[in-house]
Amino acid sequence: MATATYPPPPPYYRLYKDYSENPSSAPEPPPPIEGTYVCFGGNYTTEDVLPSLEEQGVPQLYPKDSNVDYKKELRSLNRELQLHILELADVLVERPSQYAKRIGDISSIFKNLHHLLNSLRPHQARATLIHIMELQIQQRKQAVEDIKRGDRNLTKVKRDVAWWMEAAPPRIIYPEKPSTTPVLETILEERETEEDDQEHDEEDL
């Protein structure tokens, strides 16, 4: 069976060939999916909830209580995980045919650890948001303090400048002294006489 590198688009585009001329000729888009749906062989839901371990077919290894001590249970599961890994190493040496059960136990512990951590995601999101908001408030307060400090410095500079302007002596205006340099004037008559004498000399030659 031959396969194309870039397969053709789905045939639904033919339903919209006259959309630019007549928008009502095209079918309406499908409504949003609500509830559960299947994607790539997996079951998913549009509700933003964390599925329980029982719904995923995994045995729950910590108490089914709403007031769970996450720190205590995570430490307990971590110690249990280390114990099962040591037992797996012993089984692989002494009884290799029984490794599958240990692998299943380790997988269940990992899934319980991940489920506990995912249960803390809403708390982590709220704590992160609170931290960001507190940081923004701190930055804005610092900006206000910088503006106030700059205003105080500017007021001090204006006060100093006003004091120096009042304390400075008045400007002394000196009268202009008459110039004693003689004015040189160009004597045009003498220049014209010299040019005439030069023309006469050229005619005599």
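So, here's what we can say about the structure. All figures in this text were calculated on a predicted structure; none of them were measured in a lab.

1. Re the nonpolar core
One finds Leu53, Val58, Tyr62, Val68, Leu77, Leu81, Leu88, Ile106, Ile109, Leu113 and Leu116 forming the largest nonpolar core, which totals 11 residues. Secondary structure elements with two or more residues in this core: helix H1 (70-94) and helix H2 (99-119). A total of four residues in this core trace back to one element, the largest contributor, which is H2. Here Leu113 is in contact with Leu74, Leu77, Asn78 and Leu81, once residues within four sequence places are set aside.

2. Overview of the pattern of salt bridges
Side chains bearing opposite charge may pair, as long as their charged atoms lie close to each other. Per the stated rule, a full pass over the model turns up four salt bridges. The salt bridge involving Lys101 is made with Asp105; its shortest N-O contact spans 3.4 Å. Of the two residues, Lys101 and Asp105 are both situated in helix H2; the distance of four residues between them amounts to about one turn of the helix. Judged by its relative accessible area of 24%, Asp105 falls in the partly exposed class. As a salt-bridge pair, Asp146 and Arg149 come within 2.9 Å of each other at their nearest N and O atoms. With Asp146 and Arg149 both in helix H3 (residues 121-167), this residue pair falls three residues apart, about one helical turn. Look at Asp146 and you get partly exposed, because its relative accessible area is 36%.

3. Overview of the packing of H1 against H2
Interhelical geometry of H1 versus H2 gives an angle of 160 degrees and a closest axis separation of 9 Å. One element, H1, and the other, H2, form an angle in the roughly antiparallel class. In terms of crossing hand, the pair formed by H1 and H2 is left-handed. Residues belonging to the contact of H1 with H2 are distributed by class as follows: 16 nonpolar, four polar and five charged.

4. Looking at the pairing of strand S1 (residues 36-39)
The sheet contact formed by S1 and strand S2 (residues 42-45) spans four bridges and is antiparallel. For Thr36, the partnering residue across the bridge sits in S2 and is Thr45. Counted along the chain from S1 to the antiparallel partner S2, the turn is two residues long, and its residue Phe40 has a positive phi close to 55 degrees.

5. Observations concerning a nonpolar patch on the surface
Together, Tyr12, Leu15, Tyr16 and Tyr19 make up an exposed nonpolar region whose accessible area comes to about 470 Å². Examined against the element boundaries, Tyr16 turns out to sit in the segment before S1. Classification of Tyr16 as partly exposed rests on a relative accessible area of 38%.

The rules behind the values
- Residues numbered from 1 in each chain as written.
- Predicted model: local features only at pLDDT ≥ 70, side-chain atom pairs only at ≥ 80, totals over all residues.
- Heavy atoms only, no water.
- Core = buried A, V, L, I, M, F, W, Y, C linked by side-chain atoms within 4.5 Å.
- Buried < 20%, exposed > 50% of the residue type's maximum accessible area, 1.4 Å probe, protein only.
- Helix = DSSP H or I, 4+ residues; strand = E, 2+ residues; numbered from the N terminus.
- Contact = heavy atoms within 4.5 Å.
- Salt bridge = Lys/Arg side-chain N within 4 Å of Asp/Glu carboxyl O.
- Axes fitted to C-alpha atoms, helices over the stretch in contact; angles between N-to-C directions.
- Parallel < 35°, antiparallel > 145°, perpendicular 65-115°, else oblique.
- Left-handed = near helix turned anticlockwise from the far one by under 90°.
- Nonpolar A, V, L, I, M, F, W, Y, C, P; charged D, E, K, R; others polar.
- Pairing = 2+ DSSP bridges.
- Patch = residues over 30% accessible without salt bridge, like charges linked within 9 Å, V, L, I, M, F, W, Y side chains within 5 Å.
- Areas by Shrake-Rupley, 256 points an atom, 1.4 Å probe, with all protein chains shown as cover.

Function cannot be read off these values alone, since they describe shape.
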